[in-house]
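Spelled out from the first residue to the last, the chains are:
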Amino acid sequence: MAATLTGATPKHQQLRALILGMATPGEAIPSERQLSADYGVSRATVRAAVGGLVADGMLERVQGLGTFAVRPRLESHLHLASFTDDMRRRGATPSTRVLALAAHVPPPEVAQALGLGTRERAWQVERLRLADDEPMALEEGWYPEPLFPDLDAHDLTDSLYGLLADHYGRVIDAAEQTLWADPPTTRVADLLRMPPSTPTLVFQRRSTAQGVPVEHVTSHYRGDRYRIHMDLDGGRTHP
């Protein structure tokens, strides 16, 4: 058995995410019987997960041959880069819609991550990121107002990292990032034009420039259109 599905998320949604993760365009996914055995779920759960993916156009049943993945995803290597640069490297045309931009006192956890005092403000920037005009991610970022005065006077539809470097002299050179899967809220599903049953990949990142915290951002990516690639090696780990 490959794994047992646990947690509060319905099992068919968890299995759906796993199938999306293993699916390769043009290749068959495991049979319903195999998926049931591998993940310790009923055939009804497997049918619900696979049927939903077929209905959403991500899988295709071929009589006598099996069920095949038919929709490619944009793939990204985990590395430090802006969404704009990342999508261009993937061969897609990036674009951005700014949904909100204002300075506020951030939530305590964000203020702590950015090294701000209890009353210091940060720019809250919400942007919808698109690839080839298709919504790909919803991003909420916080940027310290003292470091980036008049940020609202600039065009934030292009690379924000480029703006921070070129105009403010803050080159983001390091980051800590956490990734998890989560069901989307109704608003996130609507903005990303995705089925509400499809999980999102959530990235939360704290970025620094020469050791100074400059960014705290949470991004929700479409789980059905985005795939992550990681290169791992057995080199020494330094403290």
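The structure reproduced in this document is the subject of the present report. Because the structure is a prediction, the values reported are computed rather than measured. (Residues numbered from 1 in each chain as written. Predicted model: local features only at pLDDT ≥ 70, side-chain atom pairs only at ≥ 80, totals over all residues. Heavy atoms only, no water.)

### Quick notes on the nonpolar core
Soluble, globular proteins show a tendency: their nonpolar side chains are buried together.
Then, in step 1: Of all hydrophobic cores here, the largest spans 16 residues; its most connected members are Leu15, Ile19, Leu35, Val50 and Leu59.
Then, in step 2: Among the elements of the structure, α1 (11-22), α2 (32-39) and α3 (43-55) are those that each provide at least two residues to this core.
Then, in step 3: Residue contributions to this core peak at four residues, all from α3.
Then, in step 4: Not counting chain neighbours up to four residues away, the residues in contact with leucine 15 comprise Leu5, Tyr39, Val41, Thr45, Val46 and Ala49.
Then, in step 5: Ala103, Tyr143, Tyr168 and Ala209 belong to the second-largest nonpolar core, a separate cluster that totals 15 residues. (Core = buried A, V, L, I, M, F, W, Y, C linked by side-chain atoms within 4.5 Å. Buried < 20%, exposed > 50% of the residue type's maximum accessible area, 1.4 Å probe, protein only. Helix = DSSP H or I, 4+ residues; strand = E, 2+ residues; numbered from the N terminus. Contact = heavy atoms within 4.5 Å.)

### Quick word on the side chain of threonine 200
Then, in step 1: Assignment of secondary structure puts threonine 200 in strand β8 (residues 200-209).
Then, in step 2: Those residues in contact with threonine 200, other than ones at most four positions away along the chain, are Trp180, Ala181, Asp182, Pro184, Val188, Met194, His220, Tyr221 and Gly223.

### Things to note about α2
Then, in step 1: Leu35, Ser36, Asp38 and Tyr39 are the residues of α2 that are buried.
Then, in step 2: The first or second residue beyond α2 is glycine 40, which carries a positive phi of 65°.

### Here we look at the sheet that holds strand β9 (residues 212-222)
Then, in step 1: One open sheet holds the six strands; their spatial order is β4-β5-β6-β9-β8-β7, and the pairing between them is antiparallel. Each edge of the open sheet is held by one strand with a lone partner, namely β4 (94-104) and β7 (174-182). Averaged over neighbouring strand pairs, the angle between their axes works out to 15° when direction is ignored.
Then, in step 2: Two elements, strand β6 (residues 134-144) and β9, share six bridges in a ladder whose sense is antiparallel. Paired with glutamate 139 across the two strands is serine 219, which belongs to β9. (Pairing = 2+ DSSP bridges. Axes fitted to C-alpha atoms, helices over the stretch in contact; angles between N-to-C directions.)

### With respect to the side chain of histidine 216
Then, in step 1: When you line up the elements, histidine 216 lands in strand β9.
Then, in step 2: Apart from residues no more than four positions distant in its own chain, histidine 216 is found in contact with Val110, Ala113, Leu114, Glu140, Gly141, Trp142, Gln204 and Arg205.

### Observations concerning the packing of aromatic side chains
Any pair of aromatic rings gets described here by the distance separating the centres and the angle formed by the planes.
Then, in step 1: For the coordinates displayed, the defined rule picks out two aromatic pairs.
Then, in step 2: Seen from their ring centres, phenylalanine 148 and tyrosine 168 are 5.1 Å apart, and the 85° between their planes marks the pair as edge-to-face. You can see phenylalanine 148 sitting in the loop between β6 and α6 (160-166) and its partner tyrosine 168 sitting in the loop between α6 and β7, a full 20 residues away along the chain. For the residue pair phenylalanine 148 and tyrosine 168, the accessibility class agrees, reading buried in each case.
Then, in step 3: The interplanar angle of 75° and the centroid separation of 5.1 Å between the aromatic rings of phenylalanine 203 and tyrosine 221 together place this pair among those described as edge-to-face. Taken together, the residues phenylalanine 203 in strand β8 and tyrosine 221 in strand β9 connect sequence positions 18 residues apart. (Phe/Tyr/Trp six-rings, centres within 6.5 Å; stacked < 30°, edge-to-face > 60°.)

### A few points about α1
Then, in step 1: Taking 1.5 Å per residue, twelve residues should reach 16 Å; α1 reaches 17 Å between its end C-alpha atoms and fits that length.
Then, in step 2: Residues of α1 that are buried include every one of Gln13, Gln14, Leu15, Arg16, Ile19 and Leu20, and no others.
Then, in step 3: Buried positions along α1 lie against α2, α3 and β1 (59-62). (Expected span 1.5 Å × (residues − 1).)

Nothing here speaks to function; it is geometry throughout.
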